[in-house]
Structures are given as C-alpha cells and as structure tokens.
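Structural overview
These are the residues of each chain, in order.
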Amino acid sequence: MTELATIAPTSVSAPPMHASGSRTRILLSSVFGPFAVDDVHGSRTLNPMELYHNQVTRVQRAFSLRMFHRSWGLMLIQANIEAPCTLLDFPTLDDFVREITTHHYDVVGIGAIMPNIGKVRKMCELVREHLPEATIVIGGHVAGIPELSQRVDADHIVRGDGVSWMRRYLGQDTNAPIRHPRVYSGIGARTLGVSLREKPGDVAATLLPSVGCPVGCNFCATSSMFGGKGNCFHFYNTGDELFDVMCQLERDMGVRSFFVMDENFLLHRKRALRLLDLMIEHGKSWALYVFSSAKVLQSFTLEQLVGLGISWVWLGLEGEGANYAKLGRTDTHTLVRTLQSHGIRVLGSSIIGLEEHTPENIDAVIDHAVGYDTEFHQFMLYTPIPGTPLHADHKARGLLLDLDECPEADAHGQLRFNYRHPHIKDGQETEFILRAFRRDFEVNGPSIVRITRTVLQGWKRYKNHPDRRIRSRFAWEARELAVTYAAALWAARKWFQSNPTLFAKISKTLKDIYREFGLKSRLTAPIIGRYLRHMVGREERRLRNGWTYEPPFFRDVVSSHVAVS
C-alpha cells in the first residue's frame, strides 16, 4: 500500500482536551520523502508514492499510469477543526525540520502507513528535540501496530475517526457537519512519457462519503481500523447530504467526475439510490469512480449503474476459489464483461499467495486473473497486516516472521511474505507476483489500450440514448477518443509491432476508432502518434537510466475553517 492509505488518523478512547482549545496551533504532516529510494528510514524503491505504478501498472514502464494522491485524511481533519492548522504533504526531512524550527506548534500530528514506521520514529525524535512542549499524535494505518507506543515517542496513538478525535481534543462539537476538503483525485499524472492535462474538468474531485467497510474481509486493514466486520463511519449519511457536497465540489472546482474514496460505496444502497434520484431530478451527468464488491454490484441493474454515472469500478476479485462473502456466487468473469460492454472500466484486484496457492498451481491462478482482461489489474501478496483478523490468526498459529527477518518496510505487499506460507517457500512469492504483472501485460497489453476499447464500447452503446443526461456523460468520456486515444494507440501499435498478439489487439481497437470517427482520426492519429512514439522511447531510456518519480511538496496553511468551507 502507498501513503494513499493514510485516511484520517484513527482512535479508540476519548482524548483529554487540550488546554488551548481553539487557539491550539496544529501541524499535520505526512511522512517525509524521498519515497522511491532505499534508505534507512523505510523508503523502498519498490514502494514508491504512486498507487498505480506501485501495485497496478507496475511493469508497464513507459505505458504505466503515473500519479500521486494527496493525504486526503489529513486534509479532511484540517478542514474540520476550528484552530490554526498547517499541513505538510510530501515534505523532505529538511522541509519538516525547517517547519518545526521556524514555527511554534502545540500539537504535531503525523499520518503514515505501516511500512513507514521508521520515518514516524524519526519525526517524533525531531519534534521532541525542537518542540519539546508539543503534543505528538500518530494516526493512519501505522496506528494498527499493537506495540506502536513502545516503538515511537508519541503522546497519543489514534485509531478510528480522526476528525471526531481531534474535535474532542480541541473541545469542539464532534457532531458538527463535515466540511469536505477541495482536493483533486490525482496530481502529476503522466503516461507514455507525457504529462496529462490538469485543467478544471479534466481531473476528478476526491469524494469521501464513508470510511471503513462492514464486509470485513480478514486481510483488510482499512476495515479493521474502523471497527471491522459490520462497522463503518459515515461522514454523509444520506443521498441528499452527498448530493449537496457534490454540487459544491462541482461549483468550486469545475469538475464533473468524482473519485469516490469509499471502500464499498454501493453497499449503502439507500444513499446511492437517493443520489441517483437527485441526479435525475437536477440533470446531473456526473461520472463516478467507485470501489465495490461483486455481490453488491450484482444487486443493481445496469440501468441504475449507468444512471449513477458509474464509469470506473475497483473490483475485488481476490482469486480463483477465494471464499469471501463479498464475491457471493457471482460469475465474476461474466460480470466484468457485462460492465465493460456498457463502458464501465474495471480495475480488478487479485491476491497472490492465498493458503491454497502452491508453486504447482500458481500459473493457473495467474491465468485465471489475466483472463478477466480488466482495464487495470492489481496484484497483491496475501499479507497479514497488524490489527487485522488475518494477522491475529497468523500470530496465534506462530506463523509470523520476526522483524529482523522481515521489517515492516518490506511488508508492503509487493515484495515478500511477512509470514511462513504453507506451500510457497524461500522467497518464491517475489517472482510469482512479478510473473502475474508481466503475464497480464504480455497478454492484455497496455492499460491505455484496454481503456480505449471500453470507452469506445460505452460510446457506441449510449451515444444515441434517449436520455440527454446519459448521452452527455458518454460524450464527455469519449471526447478524446477520436484524436488523443487514437494517437496513443497508433504509438502503441508501433512500439509493439514485433509482438504479433499485441499488434493485432491494438490494431483492432484502432480500426474500430477509425470506423467510428472517420477521417478526423485517420489524419490526426499518425501525426500525434509519431510524437507519442518518440516520447515513449525517451521515457523508456529515462527509466533504464534509473529515473524515479517523486511528488511535489505542499504546505497548506489554514488560520480559520472559513478558508476551506
């Protein structure tokens, strides 16, 4: 997992109130960079601050989707406390030291994921040195480490809802309405060696309806952090509340698409259907990018999904034979094909290293996942994360490795197991997960090609839909097909011209675009495509020479909640 997982510092018991109340000077910070390097603090080249390149498009090189995501949880806290608050996102160590030596703070809050415990420890040491009177609060997934209070010098380890915790700590109303931060879903997006446009309307807004997941899969750290199976915390309980927030984001940010950071958004059916009613009533043709389980998706009709603007779904597939309730008895291959035929892109997520996986059956496991041909495919090692039922089970069975055998910095799901697997031994999992990524890329090609195919399917199906709202959304999503996507496919076809399978796959989709958009595509695709082919080659050379991608540093200062309302 990347730092994206730092969604709100988290809590169990009510804190004592800080003596300064709303005058408390607060610093919130993510851990320091650089991130895509191997260092003594826990950074790893293999675990960069990029969700997609880290664990989805990992081997696609120049065709990989590269972007960063802000620390949304910290931003949510900053937007919902009535006290002067500075937020540092992606600081260097020098940036952090400069902040705590040139400004005085009463409280320093640090959010992190578990692999970055070494950075949290270092930051705590620096705060004690330079701000000895400050209270240190630690949150995020790192708070799930049971013995964290013995390993870092902090005053409060917070698990649960960070906004409520901080409001209680400052003596403020914990039941006050949640003010939603204005934050774009991704920054610094690039692929094919080209930075993507970030003009208003091109990038989705991040939407945070709820945290936690009541489905409660045994490996899910996010579910465990917010109470586990049967529990979640809603910032917005009703479709009316959510609709109002989305209208505000639309107005203030100029967006028409939303990355819905909710572990299983459609599970809250009443809220989702009320949102649909309001979208219809007010003529909103928004696009929603959501996380969902297969069982929940099946409970909605295609008409409802399309009406809601579901155009991208992160779908847990786990693996052949996986026994998780969220899958139910769903034919997930048919489900994926059906969604794609309606223009809904799918990011499938599969696990490598379930207990029944062996060196003998791993190729069948991988082929099963690759057979979905989803637009993106995430592969993660089956990893018991502290705080989860899976971790408790492995600990009880004596299967966990000691930290000197596998430090937290290496237990990020892309390198190795932090336990003794019954069948996969001696680090075989490192090669197996790479094999999965490579086979998916070799068989299904670059994600940009798959995306184009599905967007085109949606356009052809709905371009003449009787509902203007539906037509408008699909026209907006298809706006780049004729030129930009066609040029990208032209460049990809040139790049893979020595690979007959991928060449044929890419050619088919490109010809479909030519048939749909005619001369416009046929003339512009080769012209822009030549430029993109050149940029792909340049990006490949940079990657071979060891180029890495780091997020920019943000310093956000809010002296009053009015600034973010």
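A quick note: this is a predicted structure, and the numbers were derived from the prediction, not measured.

What counts, and where the lines are drawn
Residues numbered from 1 in each chain as written. Predicted model: local features only at pLDDT ≥ 70, side-chain atom pairs only at ≥ 80, totals over all residues. Heavy atoms only, no water. Helix = DSSP H or I, 4+ residues; strand = E, 2+ residues; numbered from the N terminus. Rg over C-alpha atoms; globule rule 2.2 N^0.38 Å. Buried < 20%, exposed > 50% of the residue type's maximum accessible area, 1.4 Å probe, protein only. Pairing = 2+ DSSP bridges. Core = buried A, V, L, I, M, F, W, Y, C linked by side-chain atoms within 4.5 Å. Contact = heavy atoms within 4.5 Å. Axes fitted to C-alpha atoms, helices over the stretch in contact; angles between N-to-C directions. Left-handed = near helix turned anticlockwise from the far one by under 90°. pLDDT = per-residue confidence, 0-100.

**Some thoughts on the overall build of the protein chain**
- Looking only at helices and strands, the protein chain has 20 helices and 17 strands in total.
- In terms of C-alpha radius of gyration, the protein chain reaches 23 Å, essentially the compact-globule figure of 24 Å for 565 residues.
- Taking the principal axes of its C-alpha atoms as reference, the protein chain extends roughly 70 × 60 × 45 Å.
- Across the 565 residues in the protein chain, those meeting the buried criterion constitute 62%.

**Quick notes on the sheet that holds strand β8 (residues 194–195)**
- Here we have three strands laid out as an open sheet, ordered β2-β7-β8, and antiparallel in their pairing. Of all the strands in the sheet, the pair left with one neighbour each is β2 (66–68) and β8.
- Judged from the two bridges that link them, β2 and strand β7 (residues 187–191) form a sheet pairing that is antiparallel. Considered in β7, the bridge of F68 is made with I187.

**Some thoughts on the nonpolar core**
- Residues F258, L266 and L288 are the most contacted members of the largest nonpolar core, which totals 137 residues.
- Each residue touching F258, except ones within four places of it in the same chain, is listed here: A204, A205, L207, M246, L249, W286, A287, L288 and Y289.
- By size, the runner-up hydrophobic cluster in this structure holds 33 residues, among which are I117, V127, L131 and I187.

**Quick look at the packing of helix α16 (residues 447–462) against helix α18 (residues 481–495)**
- Where α16 contacts α18, the two axes come as close as 10 Å, and the packing angle between them is 145°. Two packed elements cross with a definite hand, and for α16 against α18 that hand is left-handed. Contacts between α16 and α18 involve I448, V449, I451, T452, V455, L456 and W459 from the first element and L481, Y485, A488, L489 and A492 from the second.

**Describing the confidence of the model for the protein chain**
- With 94% of its residues at a pLDDT of 70 or more, the protein chain has an overall mean of 93.
- Within the model, pLDDT remains below 50 along residues 1–13, and this stretch shows 66 contacts once partners closer than five positions in the same chain are excluded.

**Thoughts on the sheet that holds strand β17 (residues 554–558)**
- Pairing in this open sheet of six strands is mixed, and the strands run β6-β5-β4-β1-β3-β17 from one edge to the other. In the strand order of this sheet, the two ends are held by β6 (156–157) and β17, each with one partner.
- Summarising the sheet, strand β1 (residues 26–30) and strand β3 (residues 85–89) pair through four bridges and their orientation is parallel. Paired with S29 across the strands is L88, a residue of β3.
- Helix-sheet contacts for helix α3 (residues 93–102) involve β1, β3, β4 (107–111) and β17, and the interaxial angle to β1 is about 175°.

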